[in-house]
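Remarks on the overall topology
Chain by chain, the residues run as shown.
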Amino acid sequence: SEVRRFLVDDGATTSLTYLLHKLANVFQWKRADNLAVRWQDEDNDFVDIKTDEDLMEALSSCVGGVFKVYVSVTSSSDSVPGGCGSGPRRACGDGAPQVHPFVTC
């Protein structure tokens, strides 16, 4: 695992799209649309950040001016052999339902 620190522009602090692109840039990933972002709440639960509203909630619990997020790269249809494509819901690969991060096929 890697730990990085970076600054976020004041006007963009509540934009999930900005955060995803910033993370992709900082870690030199080619894509931002396959990132899963989480934060750890006061009960030590990991909470997904999927919307700007989720991000605002996470930021409201920020302590000491440092906001920690946990990022993972999720599978996507164009990088996983036999992965699900866009369009109608269907079985993957061998026809059996499969579970991908954040997606059930």
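Within every chain, residues take consecutive numbers counted from 1 along the sequence as written. Per-residue local features are limited, in this predicted model, to residues with pLDDT of at least 70; the limit for side-chain atom pairs, both in listing and counting, is 80 or more; totals at the level of whole chains, interfaces and linings are taken over all residues. Side-chain metrics rest on all non-hydrogen atoms present in the structure, leaving aside hydrogens and water.

Details of the confidence of the model for the chain
Known as pLDDT, the predictor's per-residue confidence is scaled from 0 to 100. Per-residue confidence for the chain gives a mean pLDDT of 76; residues scoring 70 or more make up 71%. Counted against residues more than four places away or in other chains, residues 77–92, with its pLDDT under 50, gives 20 contacts. Should any heavy atoms of two residues lie within 4.5 Å, those residues are considered in contact.

Notes on the nonpolar core
The nonpolar core is taken to be a set of buried Ala, Val, Leu, Ile, Met, Phe, Trp, Tyr and Cys residues, with the residues joined through side-chain atoms within 4.5 Å. Burial classes follow relative accessibility: with a 1.4 Å probe on protein chains only, a residue under 20% of its type's maximum area counts as buried, one over 50% as exposed, and anything between as partly exposed. Ranked by size, the top nonpolar core spans 14 residues in total, and within it L16, L19, L20, L23, L35, V37 and I49 carry the most contacts. For this core, the elements supplying multiple residues, two or more each, are helix 1 (16–26), strand 1 (35–40) and helix 2 (52–60). Each helix corresponds to a stretch of at least 4 residues labelled H or I by DSSP, and each strand to a stretch of at least 2 residues labelled E; elements are numbered beginning at the N terminus. Per-element accounting of this core gives the leading share, six residues, to helix 1. Apart from residues no more than four positions distant in its own chain, L35 is found in contact with L20, L23, A24, W29, V71, S72, V73 and T74.

What to know about the sheet that holds strand 3 (residues 70–73)
Taken together, three strands build an open sheet; the order of strands is 2-1-3 and the sheet is antiparallel. Edge strands, defined here as strands with exactly one partner in the open sheet, are strand 2 (46–49) and strand 3. Geometrically, the sheet is characterised by an average inter-axis angle of 35 degrees between neighbouring strands, direction not taken into account. We treat two strands as partners when DSSP finds at least two bridges between them. Summarising the sheet, strand 1 and strand 2 pair through four bridges and their orientation is antiparallel. In the strand pairing of strand 2, Q40 is matched with F46. Between N-to-C directions, angles cover 0 to 180 degrees, with each direction set by a line fitted to C-alpha atoms, over the stretch in contact for helices.

Points about unusual backbone geometry
Most peptide bonds are trans, and most residues other than glycine sit at a negative phi. Despite not being glycine, Q28 shows a phi value in the positive range, around 60 degrees. Relative to the helices and strands, Q28 resides in the loop between helix 1 and strand 1. Q28 gets classed as exposed once you look at its relative accessible area, which sits at 73%. The backbone of N44 sits at a positive phi, close to 65 degrees, despite the residue not being glycine. For N44, the position within the fold is in the loop between strand 1 and strand 2.

Notes on helix 1
Within helix 1 the residues assigned to the buried category are L16, L19, L20, L23, A24 and V26. Buried residues of helix 1, seen end-on, are gathered within an arc of 170 degrees and therefore sit on one face of the element. In helix 1, the exposed residues that point more than 90 degrees away from the buried face are T17, H21 and N25. Buried positions along helix 1 lie against strand 1, strand 2, helix 2 and strand 3. The arc in question is traced by the directions running from the helix axis to the C-beta atoms.

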